[in-house]
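# Results of the structural survey
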Amino acid sequence: MGEKILEVRDLTKYFEVSNGLFRKKKYVHAVEKVSFDVYKSETLGIVGESGSGKSTLGRVLLKLIKQTSGKVFYNGQDIMQLNSKEFGKIRRELQMVFQDPYASLNPRIKIGDSIAEPLIANCISTNYAEAKKKVYELLDLVGLQPESYERYPYEFSGGQRQRISIARALVLEPKILVCDEAVSALDVSVQAQILNLFNSLKKKLDLTYLFISHDLSVVKHISDRIMVMYLGEIMELATTDQIFSKTYHPYTEALISAIPDPAERGRKKRIILEGDITSPIDPPPGCRFSGRCFKTMEICKYQHPELIEVEPGHFVRCHLYSERKGDC
Ligand SMILES: Nc1ncnc2c1ncn2[C@@H]1O[C@H](COP(=O)(O)OP(=O)(O)OP(=O)(O)O)[C@@H](O)[C@H]1O
Ligand code: SF4
Ligand SMILES: [Mg+2]
């Protein structure tokens with residue numbers, strides 16, 4: 001697998017929410033005791049329905065919001081313990097690409113200046129000419145014309161705007177990019193172009209990606225490994241080949257069954273999950289997926305399944321397999 005660049009241990013994020021009349025404190029369990037490793041130069045896809053905690057995980061990892069508990073080691077150093085001054089230098093190496101590039105670009109600033117701004121703010125370029133040269137190189141790298149420098153965000157298409165935000169994320173020469181629904185707002189053909197761009201940048205710049213999406217077909221296309229999340233927990237984690245050749249978790253099975261496959265010509269049976277994702281506020285003690293699982297058993301209602309390694313590198317959280325390890 002290579003060298004570990006991130007080691008995430010029991011990472012937890014709760015959001016406090018007040019509860020109506022009695023104002024009793026309640027907590028949204030957005031991310032719960034999540035542990036996994038990220039290897040240098042890999043793409044780890046993070047997939048799950050809306051509300052499964054993907055974005056919160058990405059934001060906590062980058063210290064954009066504070067964790068409730070847990071550790072994150074970046075190149076062996078626990079970054080959760082660092083104050084903002086100590087984290088300053090490392091922050092450059094961990095960047096994020098968001099779903100809506102329009103929201104992160106100032107409409108009144110030329111896009112070239114927008115891309116150059118972090119260079120000046122972080123004192124990486126000492127003069128304007130040097131920053132401008134770097135921006136032209138980046139525009140070329142992400143497939144935009146040099147004339148784009150002088151134009152404003154509204155003059156670009158959605159796909160072009162996403163190229164701009166990728167250039168902006170790359171300007172500080174990061175090591176890890178967290179891409180949160182980075183192609184979700186784009187047409188399928190444009191999605192493919194941006195995914196190809198991500199792939200070529202990864203090779204050219206030796207980047208590591210955490211690629212967050214609710215769409216498993218997108219994640220499958222780009223990822224070396226896939227982590228399936230449900231209600232703040234990891235349900236399954238394995239290489240893309242492992243997940244698709246031998247699916248263990250019923251939730252992953254349902255996600256895979258929903259991917260359209262033209263070769264199957266309608267013969268593929270889709271697993272329809274009944275109901276919505278369970279409330280993340282004070283979730284029940286058993287398996288968090290038990291309310292919607294088509295393989296649920298009595299034990300699932302009261303005993304919380306642990307994440308176990310069912311095959312080398314293939315982790316699953318489900319009582320169907322925990323007996324193998326004598327956990328049930
Ligand atoms: N600032 C916040 N305050 C309270 N609850 C929050 C906050 N941010 C997120 N949550 C809750 O945390 C849970 C996880 O949210 P998150 O945005 O991480 O999910 P997601 O998997 O990224 O979903 P989506 O696919 O819709 O982007 C949700 O129940 C959400 O409502
Ligand atoms: S533990 Fe039970 S409810 Fe949860 S996924 Fe496995 S079979 Fe379904
Ligand atoms: Mg999200």
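Just so you know, these numbers come straight off a predicted model, no measurement behind them. (Residues numbered from 1 in each chain as written. Chains lettered and ligands numbered in written order. Predicted model: local features only at pLDDT ≥ 70, side-chain atom pairs only at ≥ 80, totals over all residues. Heavy atoms only, no water.)

## As for the side chain of His249
Our working rule: For helices the rule is a DSSP run of H or I covering at least 4 residues; for strands it is a run of E covering at least 2, with both sets numbered from the N terminus onward. Three labels apply to residues, based on accessible area from a 1.4 Å probe with only protein chains included: buried if under 20% of the type maximum, exposed if over 50%, partly exposed otherwise in between. For the purposes of these results, a polar contact is taken to be a pair of N or O atoms within 3.5 Å, where, inside protein, one atom must be able to donate a hydrogen and its partner to accept one; residues adjacent in sequence count only when each atom of the pair is a side-chain atom.
In this fold, His249 is placed in the loop between helix 9 (240-245) and helix 10 (250-257). His249 sits in the buried class, given a relative accessible area of 1%. Here the side chain of His249 touches Tyr251 through a polar contact of 3.0 Å, landing on its backbone nitrogen.

## Let's talk about the domain arrangement of the protein chain
Often, the extent of an interface is quoted as the loss of accessible area on bringing the components together. The criterion, for reference: Domain start and stop positions are those given by an automatic or database domain assignment. In this description, buried area is defined as the sum, over both parts, of the accessible area (probe of 1.4 Å) that is lost when the two are combined. Just to be clear on terms, a salt bridge is a Lys or Arg side-chain nitrogen sitting within 4 Å of an Asp or Glu carboxyl oxygen.
On domain assignment, one finds that the protein chain holds domain 1 (4-93 + 176-273) and domain 2 (101-173). Placing the centre of domain 1 and that of domain 2 at their C-alpha centroids yields a distance of 26 Å. Contact with domain 2 buries surface across domain 1, with Arg92, Leu197 and Leu201 losing the most and accounting together for 43% of the total. Taken together, domain 1 and domain 2 are joined by zero salt bridges. Summed over the shared surface of domain 1 and domain 2, the result is one residue pair in polar contact (both at pLDDT 80 or more). Examining the composition of the side of domain 1 that touches domain 2, we find that eight residues originate from one element, helix 7 (residues 188-205), more than from any other.

## Examining the site of ligand 2
Keep this limit in mind: Neighbouring residues are identified by heavy atoms, a residue being near a molecule or strand if any of them is within 4 Å of it. Residues were grouped as follows: Ala, Val, Leu, Ile, Met, Phe, Trp, Tyr, Cys and Pro as nonpolar; Asp, Glu, Lys and Arg as charged; and all remaining residues, including Gly, as polar.
Contacts to ligand 2 come from His249, Pro250, Cys287, Phe289, Ser290, Cys293, Lys295, Thr296, Cys300, Cys318, His319 and Leu320. Across the shell around ligand 2, the residue classes break down as seven nonpolar, four polar and one charged.

## Describing unusual backbone geometry
Positioned with a positive phi, Glu173 is a non-glycine residue whose angle comes to about 55°. Within the secondary structure, Glu173 sits in the loop between helix 6 (158-170) and strand 7 (176-180). Accessibility expressed as a relative area gives 52% for Glu173, which makes it exposed. Even without being a glycine, Leu231 presents a positive backbone phi close to 45°. Summarising the element assignment, Leu231 is placed in the loop between strand 9 (225-230) and strand 10 (233-239).

## Here's the deal with the site of ligand 1
Note the cut-off: Method for areas: the Shrake-Rupley scheme with a 1.4 Å probe, in which residue coverage is limited to the protein chains shown.
Not every one of the 13 residues close to ligand 1 is listed here, only the nearest: Ser50, Gly51, Lys54, Ser55 and Thr56. Between an oxygen atom of ligand 1 and a side-chain N or O atom of Thr56, the distance comes to 2.5 Å. Burial of ligand 1 by the protein amounts to 62% of the accessible area it has alone, namely 640 Å². Mapped by element, the contributors of at least two residues to the shell around ligand 1 are strand 2 (24-39) and helix 1 (54-61). Counting residues per element, the shell around ligand 1 draws most heavily on helix 1, at three residues. Grouping the amino acids of the shell around ligand 1 by side-chain chemistry returns four nonpolar, six polar and three charged.

## Description of the sheet that holds strand 3 (residues 43-47)
What counts, and what does not: Strands qualify as paired when DSSP identifies two bridges or more between them. Angles shown run from 0 to 180 degrees and are taken between the N-to-C directions of axes, each axis being a line fitted to C-alpha atoms and, for helices, limited to the stretch in contact. Two residues form a contact once any of their heavy atoms are found within 4.5 Å.
Taken in spatial order, the eight strands of this open sheet run 6-7-8-3-9-10-12-11, and their pairing is mixed. Where the open sheet ends on each side, the last strands, each with one partner, are strand 6 (94-97) and strand 11 (307-311). In this sheet, neighbouring strand axes are inclined to one another by 20° on average, regardless of whether the strands run parallel or antiparallel. Inspection of the sheet shows strand 10 paired to strand 12 (residues 314-317) by two bridges, in the antiparallel sense. Looking across to strand 12, one finds that Glu236 is bridged to Val316. Here helix 6 sits on the sheet and contacts strand 6 and strand 7; the angle it forms with strand 6, its principal contact strand, is near 170°.

## Here's the deal with the packing of helix 4 (residues 111-121) against helix 6
For the record, the criterion: In this scheme, roughly parallel covers angles under 35 degrees and roughly antiparallel covers those over 145, while 65 to 115 is roughly perpendicular and the rest are oblique. What makes a crossing left-handed is the near helix being turned counterclockwise from the far one by less than a right angle; a clockwise turn instead makes it right-handed.
Two elements in contact, helix 4 and helix 6, have axes separated by 8 Å at closest approach and are oriented at 25°. Compared by their axis directions, helix 4 and helix 6 come out roughly parallel. Crossing angle aside, the handedness with which helix 4 passes helix 6 is right-handed. Across the interface between the two elements, Ile111, Ser114, Ile115, Glu117 and Pro118 of helix 4 pack against Ile164, Ala167 and Arg168 of helix 6.

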